[in-house]
Protein chains: 2
Amino acid sequence: MTAQSAGTDTRGLRERKKLETRSALRAAAVRMYLERGPAAVTVQDICEAAGVSQRTFFNYFETKDDAVFDWDRRLAGQLVELLTARPASEPPLEAVHRTLRTALPALVADAGWRERRRLLGAYPELVPKLLHSNSHLAEALAEAVAERTGLPPDALYPRLLAGAGLTVLRSSIRAWDPESPAEDLLAVLDSCFASLAAGLPRPESDDPVHSAR
Amino acid sequence: MTAQSAGTDTRGLRERKKLETRSALRAAAVRMYLERGPAAVTVQDICEAAGVSQRTFFNYFETKDDAVFDWDRRLAGQLVELLTARPASEPPLEAVHRTLRTALPALVADAGWRERRRLLGAYPELVPKLLHSNSHLAEALAEAVAERTGLPPDALYPRLLAGAGLTVLRSSIRAWDPESPAEDLLAVLDSCFASLAAGLPRPESDDPVHSAR
DNA sequence: CTGCAGTGCTGCAAAAATGCACTACTGTAG
DNA sequence: CTACAGTAGTGCATTTTTGCAGCACTGCAG
């Protein structure tokens, strides 16, 4: 039970292997999805490419598509950590805002993430599946908010705030052209949170952001 | 291609049969889920109880659990209709609020709905599955909001508002004790929308609603 | 009454997902 | 070095889900 050491290997050979297998599965899945489309890829295919058994695949991922959306497990941990680190004096909504703002640039810079983003554009039927994958994120975030505010973990306010925050995140990402720079995404995000803080007023008819895309 | 007639039978014998089959499947599923728990019920069981083939089950529902959450397909249609009917002068957030407020009492009064609500309490692992079922609702609602505001159907603001509204709905329902009267639920809902309109401020430490449950 | 089109229901086969029991290897302690 | 505990990976059986193609019934037209 030692604290984690350097960043390269989070722990012995065992952990490393696990990470590798996960990556291999994810990479194979994303690649094949892009090449042939989701329907034409079987779990079998992915497993052969990664050199593991089918059963192992479902040991790592709940569904076939989850392999492609793997990122939000890591995201959840990161967000919780960042949120917990925000000063307690900060109003909750602002804390969530700044948390997402901090996490986003690294996320969108990731080449793999961009690939998955393109995948969602090419195969919209995947979007609903992603949502399920998000429910875990919502729970984690709500818990962190509860922690911050000193409310019970299953209280109403934390769920509300976490849900609203993730809605902002999803909407922003969806409205953002993945080819444009990360700053644009941050601008959209800021605009969304501003709108939320103002109580979601009817947008000005000349507001380019809220009618975008 | 005639318009629909009275409310009892939406069209000939054929339609009626379809509705009956759907009900039978839903009813059987809910009953067995409550009796033995989801894991101990196979699609096979449900089909035998309803007198149809397994293939037919998946003709009506996407997944085993969907049969239990069937209600939100009907809900989506109702909400869109109600929202469209709100006066155009009403601010969007308020319109969504009043829409949900109007739809909720009938919903919670439904005996079947209460059964399903109890199911969610007894088997929390079902909650994430319900979420997937909700993505359809979010789309429909966003479209209706876009209509109201004159924004393009895939614009940012409609998605944001619809997402926030549904988050409120989900959170409220989740925080509401299904044994207590519907007025309580409306009170929670109102409180959530008030909080949202105020920009989700940190709740007062003596606020009983936001720390509830 | 008879025939036709539409479409609901079904069986069948393949793929996705899950529970269970077992093997083998890692990391640790003696 | 050796024994042990923990757990990743596997095979197998079962259930869930999906695509496809044929059968059968409803509603309509002649």
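Just so it is clear, the structure is predicted and the values come from calculations on it, not from any experiment. (Residues numbered from 1 in each chain as written. Chains lettered and ligands numbered in written order. Predicted model: local features only at pLDDT ≥ 70, side-chain atom pairs only at ≥ 80, totals over all residues. Heavy atoms only, no water.)

With that settled, consider the domain arrangement of chain A. Residue and element names in this part refer to chain A. Structurally, chain A comprises domain 1 (14-62) and domain 2 (71-197). For domain 1 and domain 2, the distance between their C-alpha centroids amounts to 26 Å. Counting from both sides, the interface comprises nine residues of domain 1 and, opposite them, nine residues of domain 2. Contact between domain 1 and domain 2 buries roughly 800 Å² in total, counting both sides, with carbon and sulfur atoms accounting for 65%. (Domains from an automatic or database assignment. Contact = heavy atoms within 4.5 Å. Buried area = accessible area lost by both parts, 1.4 Å probe.)

All right, on to the environment of A85(B) then. Considering the arrangement of structural elements, one finds A85(B) in helix α4 (residues 71-85). Placed 62 residues apart in sequence, A85(B) and S23(B) show a C-alpha to C-alpha distance of 29 Å. (Helix = DSSP H or I, 4+ residues; strand = E, 2+ residues; numbered from the N terminus.)

Our focus in this paragraph is the protein's contact with DNA strand D. Close to DNA strand D lie 21 residues, the nearest being R14(A), T56(A), Y60(A), R55(B) and K64(B). Considering the 4 Å shell around the protein, atoms of DNA strand D inside it are sugar or phosphate in 56% of instances. Take K64(B): an N or O atom from its main chain is 2.6 Å from a phosphate oxygen of DNA strand D. Contributing elements (two or more residues each) for the surface near DNA strand D: α1 (13-36) and α3 (54-60) of chain A together with α1 (13-36) and α3 (54-60) of chain B. Ranked by residue count, the leading element in the surface near DNA strand D is α3(A), at four residues. Partitioned by chemical class, the residues of the surface near DNA strand D number six nonpolar, eight polar and seven charged. (Near = heavy atom within 4 Å. Polar contact = N/O pair within 3.5 Å; in protein donor to acceptor, adjacent residues only side chain to side chain. Nonpolar A, V, L, I, M, F, W, Y, C, P; charged D, E, K, R; others polar.)

On to unusual backbone geometry, then. Phi is positive for L200(A), close to 50°, though the residue is something other than glycine. In this structure L200(A) comes out as buried when scored by relative accessible area, which is 1%. (Buried < 20%, exposed > 50% of the residue type's maximum accessible area, 1.4 Å probe, protein only.)

Negative charge collects at one region of the surface, where D177(A), E179(A), E183(A) and D184(A) lie side by side. Taking the relative accessible area as the measure of exposure, E179(A) reaches 60% and is therefore exposed. (Patch = residues over 30% accessible without salt bridge, like charges linked within 9 Å, V, L, I, M, F, W, Y side chains within 5 Å. Areas by Shrake-Rupley, 256 points an atom, 1.4 Å probe, with all protein chains shown as cover. Salt bridge = Lys/Arg side-chain N within 4 Å of Asp/Glu carboxyl O. Lys, Arg positive; Asp, Glu negative; His and termini not counted. Charge placed at Lys NZ, Arg CZ, Asp CG, Glu CD.)

Quick look at the packing of helix α7 (residues 127-149) of chain B against helix α8 (residues 156-175) of chain B now. Residues and elements named next belong to chain B. α8 packs onto α7 with a crossing angle of 135° between their chain directions and a minimal axis gap of 8 Å. When the axes of α7 and α8 are compared, the pair comes out oblique. For the pair α7 and α8, the crossing hand works out as right-handed. Contacts from V127, L131, N134, L137, A138, E139, L141, A142, V145, A146 and T149 of α7 reach α8 at Y157, P158, R159, L161, A162, L166, R170 and R174. (Axes fitted to C-alpha atoms, helices over the stretch in contact; angles between N-to-C directions. Parallel < 35°, antiparallel > 145°, perpendicular 65-115°, else oblique. Left-handed = near helix turned anticlockwise from the far one by under 90°.)

Listed as interface residues are 45 residues of chain B and, on the opposing side, 45 residues of chain A. Here chain B is connected to chain A by two salt bridges. Taking the shortest distance from any N to any O, the salt bridge between E139(A) and R174(B) comes out at 3.3 Å. Those elements that place two or more of their residues in the side of chain B that touches chain A are α5 (92-109), α7, α8 and α9 (182-197) of chain B. Here the side of chain B that touches chain A gets 14 residues from one element, more than from any other, and that element is α8(B). When grouped by side-chain class, the residues that make up the side of chain B that touches chain A number 27 nonpolar, 11 polar and seven charged.

The next thing to look at is the layout of surface pockets. There is about 420 Å³ of room inside the second largest pocket. If you trace the second largest pocket, you find 14 residues lining it, with T63(A), H132(A), T63(B), K129(B) and H132(B) closest to the centre. Broken down by secondary-structure element, the contributors of at least two residues to the lining of the second largest pocket are α7 (127-149) of chain A together with α7 of chain B. Partitioning the lining of the second largest pocket into residue classes produces two nonpolar, four polar and eight charged. (1 Å grid on protein atoms, 1.4 Å probe; cavity = no way out; pocket = protein on both sides within 12 Å on 5 of 7 lines; lining within 4 Å. Points joined across faces, edges and corners; volume = space filled by probe spheres on them.)

Before going further, it helps to spend a moment on the relation of the copies chain B and chain A. With an RMSD of 0.3 Å, the operation that places chain B on chain A is a rotation of 180° combined with a shift of 0.0 Å along the axis. Considering both components of the superposition, the chain copies are consistent with a two-fold axis. Residue by residue, 100% of the interface of chain B is reproduced at the interface of chain A, so both copies engage with the same surface. (Least-squares fit on C-alpha atoms with pLDDT ≥ 70 in both.)

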